[in-house]
Amino acid sequence: MNLTLRIWRQAGPDAPGALTRYQVSGISPEMSFLEMLDTLNEELILAGDQPIAFDHDCREGICGACGMVINGQAHGPERTTTCQLHMRHFRDGDTIDVEPWRAAAFPVVKDLVVDRSAFDRIIGSGGYITAPTGSAPEAHATPVPKEAADLAFEHAECIGCGACVAACPNGSAMLFTAAKVVHLNVLPQGAPERSSRVRSMVATMDDEGFGGCTNTGECATACPKGIPLSGISMLNREFLRGAGR
Amino acid sequence: MAVSGVVMLLYLVFHMLGNLKVFFGPGDLNGYAAWLRTVGEPFLRYGWFLWIARCALTAAVVVHGVAAYQLSRRDLRARPQKYAHQRQRATYATRTMRWGGVILALFIVWHILDLTTLTVNPHAEPGHPYQNIVASFSTWYGGGIYCVAMLALGLHVRHGFWSAAQTLGANNPRRDRTLKVCANALALVLTVGFLSVPVGVMIGVVR
Ligand code: HEM
Ligand code: SF4
Ligand code: FES
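Just so we're clear, the structure is a prediction, and the values are computed from it rather than from any experiment. (Residues numbered from 1 in each chain as written. Chains lettered and ligands numbered in written order. Predicted model: local features only at pLDDT ≥ 70, side-chain atom pairs only at ≥ 80, totals over all residues. Heavy atoms only, no water.)

Draft legend 1. Inspection of helix H2 (residues 26–38) of chain B at higher detail. Residue and element names in this part refer to chain B. Its 13 residues place the ends of H2 18 Å apart at the C-alpha level, agreeing with the 18 Å of an ideal helix rising 1.5 Å per residue. When we look at burial in H2, the residues that qualify are Leu-29, Asn-30, Ala-33 and Leu-36. Viewed along the axis of H2, the buried residues span an arc of 110°, placing them on a single side of the element. In this fold, the buried residues of H2 make contact with helix H1 (2–19), helix H3 (48–77) and helix H6 (129–138). Residue Gly-40 follows H2 closely and has a positive phi angle near 90°. (Helix = DSSP H or I, 4+ residues; strand = E, 2+ residues; numbered from the N terminus. Expected span 1.5 Å × (residues − 1). Buried < 20%, exposed > 50% of the residue type's maximum accessible area, 1.4 Å probe, protein only. Arc of directions from axis to C-beta. Contact = heavy atoms within 4.5 Å.)

Draft legend 2. Spotlight on the coordination of the iron atom of ligand 1. All names here are of chain B. At this site the iron atom of ligand 1 is bound by His-64 (NE2) and His-156 (NE2), with donor distances of 2.1 Å. Assessed through its relative accessible area of 18%, His-64 is described here as buried. Given a relative accessible area of 17%, His-156 falls into the buried group. (Donors = N, O, S within 2.8 Å, 3.2 Å for Na, K, Ca; no water.)

Draft legend 3. Structural context of the environment of Thr-117 of chain B. Residue and element names in this part refer to chain B. Checked against the element boundaries, Thr-117 lands in the loop between helix H5 (97–115) and H6. Each C-alpha atom, one on Thr-117 and one on Gly-200, is 23 Å from the other, the two residues being 83 residues apart in sequence. In terms of polar contacts, Thr-117 uses its side chain to reach the backbone carbonyl oxygen of Leu-113, at 3.3 Å. A distance of 2.6 Å separates polar atoms of two side chains, one belonging to Thr-117 and the other to Thr-119. (Polar contact = N/O pair within 3.5 Å; in protein donor to acceptor, adjacent residues only side chain to side chain.)

Draft legend 4. Main features of the packing of aromatic side chains. In total, this model carries 10 aromatic pairs over all chains according to the counting rule given. Judged by centre distance (6.2 Å) and plane angle (80°), the ring pair of Trp-110 of chain B and Tyr-141 of chain B falls under edge-to-face. Within this pair, whereas Trp-110 of chain B is found in helix H5, its partner Tyr-141 of chain B is found in helix H7 (residues 140–167), the two being separated by 31 residues in sequence. A relative accessible area of 33% means that Tyr-141 of chain B is categorised as partly exposed. Directly above the aromatic system of Trp-8 of chain A lies the positively charged group of Arg-102 of chain A, at a separation of 4.2 Å from the ring centroid. Stacked on the ring of Trp-51 of chain B, the Lys or Arg Arg-54 of chain B has its end atom at 4.6 Å from the ring centre. (Phe/Tyr/Trp six-rings, centres within 6.5 Å; stacked < 30°, edge-to-face > 60°. Lys NZ or Arg CZ within 6 Å of the ring centre and 35° of its normal.)

Draft legend 5. Representation of the sheet that holds strand E3 (residues 69–70) of chain A in the model. Residue and element names in this part refer to chain A. Pairing is mixed across the open sheet formed by five strands, whose spatial order is E2-E1-E5-E3-E4. Each end of this open sheet is capped by a strand with a single partner; those strands are strand E2 (17–24) and strand E4 (73–74). Taken together, the eight bridges between strand E1 (residues 3–10) and E2 define a ladder with antiparallel strand orientation. Bridge assignment links Leu-3 to a residue of E2, and that residue is Val-24. (Pairing = 2+ DSSP bridges.)

Draft legend 6. Representation of the domain arrangement of chain A in the model. Residues and elements named next belong to chain A. Here chain A is described as being made up of domain 1 (3–110) and domain 2 (116–243). For domain 1 versus domain 2, the separation of C-alpha centres amounts to 28 Å. At the junction of the two partners, domain 1 supplies 17 residues and domain 2 supplies 21 residues. With both chains or domains summed, domain 1 and domain 2 bury close to 1300 Å², and 61% of this area falls on carbon and sulfur atoms. When residues of domain 1 are sorted by the area they lose upon contact with domain 2, Arg-79, Ala-105 and Phe-106 head the list and together hold 41% of the total. The residue makeup of the side of domain 1 that touches domain 2, split by class, is 10 nonpolar, five polar and two charged. (Domains from an automatic or database assignment. Buried area = accessible area lost by both parts, 1.4 Å probe. Nonpolar A, V, L, I, M, F, W, Y, C, P; charged D, E, K, R; others polar.)

Draft legend 7. How the structure looks around the pairing of strand E5 (residues 95–99) of chain A. Residue and element names in this part refer to chain A. Among the five residues that make up E5, four are buried, leaving the element largely enclosed by the rest of the structure. Strand direction decides the pairing type here: E1 and E5, joined by four bridges, are parallel. Looking at the pairing, Thr-4 lines up with Thr-95 of E5.

Draft legend 8. Quick look at a nonpolar patch on the surface. A cluster of nonpolar residues, Phe-239 and Leu-240 of chain A together with Val-3, Val-6, Val-7, Leu-10 and Leu-168 of chain B, forms a patch on the protein surface that exposes about 570 Å² of accessible area. Taken together, the elements giving at least two residues each to the nonpolar patch come down to helix H8 (230–243) of chain A together with H1 of chain B. Broken down by element, the residue count for the nonpolar patch peaks at four residues, all from H1 of chain B. Note that Leu-240 of chain A resides in helix H8. (Patch = residues over 30% accessible without salt bridge, like charges linked within 9 Å, V, L, I, M, F, W, Y side chains within 5 Å. Areas by Shrake-Rupley, 256 points an atom, 1.4 Å probe, with all protein chains shown as cover. Salt bridge = Lys/Arg side-chain N within 4 Å of Asp/Glu carboxyl O.)

Draft legend 9. Quick look at the nonpolar core. Ranked by size, the top nonpolar core spans 43 residues in total, and within it Trp-101, Phe-106, Phe-119, Val-165, Leu-175 and Phe-210 of chain A carry the most contacts. Secondary structure elements with two or more residues in this core: helix H2 (117–124), helix H4 (163–167), helix H5 (174–185), helix H6 (194–207), helix H7 (218–222) and H8 of chain A together with H7 and helix H8 (176–202) of chain B. Per-element accounting of this core gives the leading share, six residues, to H5 of chain A. Residue contributions to this core reach at least three from each of two domains, namely domain 1 (3–110) and domain 2 (116–243) of chain A. With sequence-adjacent residues up to four places away left out, Phe-210 of chain A is seen in contact with Ala-105, Phe-106, Ala-118, Phe-119, Ile-122, Val-165, Gly-171, Ser-172, Ala-173 and Met-205 of chain A together with Arg-74 and Ala-78 of chain B. Residues Ile-27, Met-36, Leu-40 and Cys-83 of chain A belong to the second largest nonpolar core, which totals 27 residues. (Core = buried A, V, L, I, M, F, W, Y, C linked by side-chain atoms within 4.5 Å.)

Draft legend 10. Region of the structure containing the packing of H7 of chain B against H8 of chain B. All names here are of chain B. Packing of H7 against H8 brings their axes to within 8 Å, and their N-to-C directions diverge by 165°. By the angle between their axes, H7 is roughly antiparallel relative to H8. Our pair here, H7 against H8, has a crossing hand that is right-handed. (Axes fitted to C-alpha atoms, helices over the stretch in contact; angles between N-to-C directions. Parallel < 35°, antiparallel > 145°, perpendicular 65-115°, else oblique. Left-handed = near helix turned anticlockwise from the far one by under 90°.)

Draft legend 11. Representation of the site of ligand 2 within the structure. All names here are of chain A. With respect to spatial proximity, 14 residues lie near ligand 2, and among them Cys-158, Cys-161, Gly-162, Cys-164 and Cys-223 are the closest. Looking at the shell around ligand 2, the elements that each hand over two or more residues are H4 and H5. In the shell around ligand 2, the residues fall into 11 nonpolar, two polar and one charged. (Near = heavy atom within 4 Å.)

Draft legend 12. The arrangement of the interface of chain A and chain B in detail. With 42 residues of chain A in contact, the opposing surface of chain B contributes 30 residues. Across the chain A/chain B interface, buried area totals approximately 2800 Å², and carbon plus sulfur atoms make up 46% of it. Counting across the chain A and chain B interface gives three salt bridges. Between Glu-147 of chain A and Arg-174 of chain B there is a salt bridge, with its nearest N and O atoms 3.0 Å apart. Where chain A packs against chain B, one counts 27 residue pairs in polar contact (both at pLDDT 80 or more). Per-element tally for the side of chain A that touches chain B: the top contributor is H8 of chain A, with seven residues.

Shown next as structure tokens:
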């Protein structure tokens, strides 16, 4: 496959950036999108140019590092991560636009790399349970209703990739925050900190400069892990419940 | 947003049902309008109920408008740099909440000048809403403005009702579909109910 890429290049956080045009050839349909970028970077390095900076780690769709917006869609045309997106979803001769996540709360570090530590601060403000560590507790010590376990698991799948923020027209982090709050708040282990968790995670989310939710639903459409949009409603219910406590 | 929106929605349901009395002739509708002024007597004095409702509605519209403005400001700030590759996002109803809301606000002003203060009404006879309605909807602009506004209302409610349920924490994975169906049904009933009056005048069923 021969492709034309228009990739956002930006030397540093405060440097001006621009979409820059590249040609790549000899791309096979089995390659992942990241392998295609690796191919381009090898050529750039051999030519003495700066390679394109992008985040990646596991390359198996579980770490959430490989965020980029491809043709206006977070992680591109398939509902998966960029590392699991294969070139067979493009056609020979296509022009592909690649941009970083765009959000005030996710400043660009370089090229396609953004600083997602705002998510870490949201997690740090309540996305955990306070429990003694050590050997694993006996599994039957805390019974978990099946329904709660399923709901928690559905929301625990979030990998913190930030696609929801990137896709949301308001740059809102509600789906991410909802995923973590619902995951912990429906479980007995999360119950003691149920109210303080939701209050402080929402407060941190607001302080980080994420936008407000207008229930547009773009987040859940883009989420590679299928976190349901109604999770946001469950977050709101937890918030209303916790507000008075 | 959600609470003020639901207040307006409740009002709209009653308003639409009241409007349908136009199909039973001038006696029914004008009598109903007169009754609205005597509701609550003797606890309330003549016209008080109407003024209480007007105050509550004005508060709801103002709160809704101010909240919409603040939310929009915040949302635009959160995405300072737009994507170069733009793409059509979300449904039409969802994308048009802001401009649709502005259209509705302008319509509310027009509607009050037309049928409450009668400033721009071609008939303008206080106490005779039936005749005023027929006169207004007999002009191309009167009927036209109303029809456009009701389509905008249908779209706003279609997203708004479900969105309010979501905001108030009433949704969960099992209820999502049902709530969406309710939102569509409510939007459809309100739009068809409100539209039936100008259409009735235009095709001569109401004259
Ligand atoms: C003054 C004129 C109006 C303006 C400027 C306006 C604007 C807006 C905006 C910007 C939103 C939030 C955007 C979003 O959720 O995507 C919204 C939501 C909403 N609107 Fe309006 N609107 C107006 C009139 C109305 C009317 C007449 C109703 C009554 C049916 C209504 C019902 C709602 C509801 C229920 C919501 C959802 C609230 C939520 O998401 O929590 N609006 N409106
Ligand atoms: S909710 Fe989905 S899109 Fe958002 S960070 Fe988690 S996995 Fe990524
Ligand atoms: S590199 Fe880990 S999810 Fe893509």
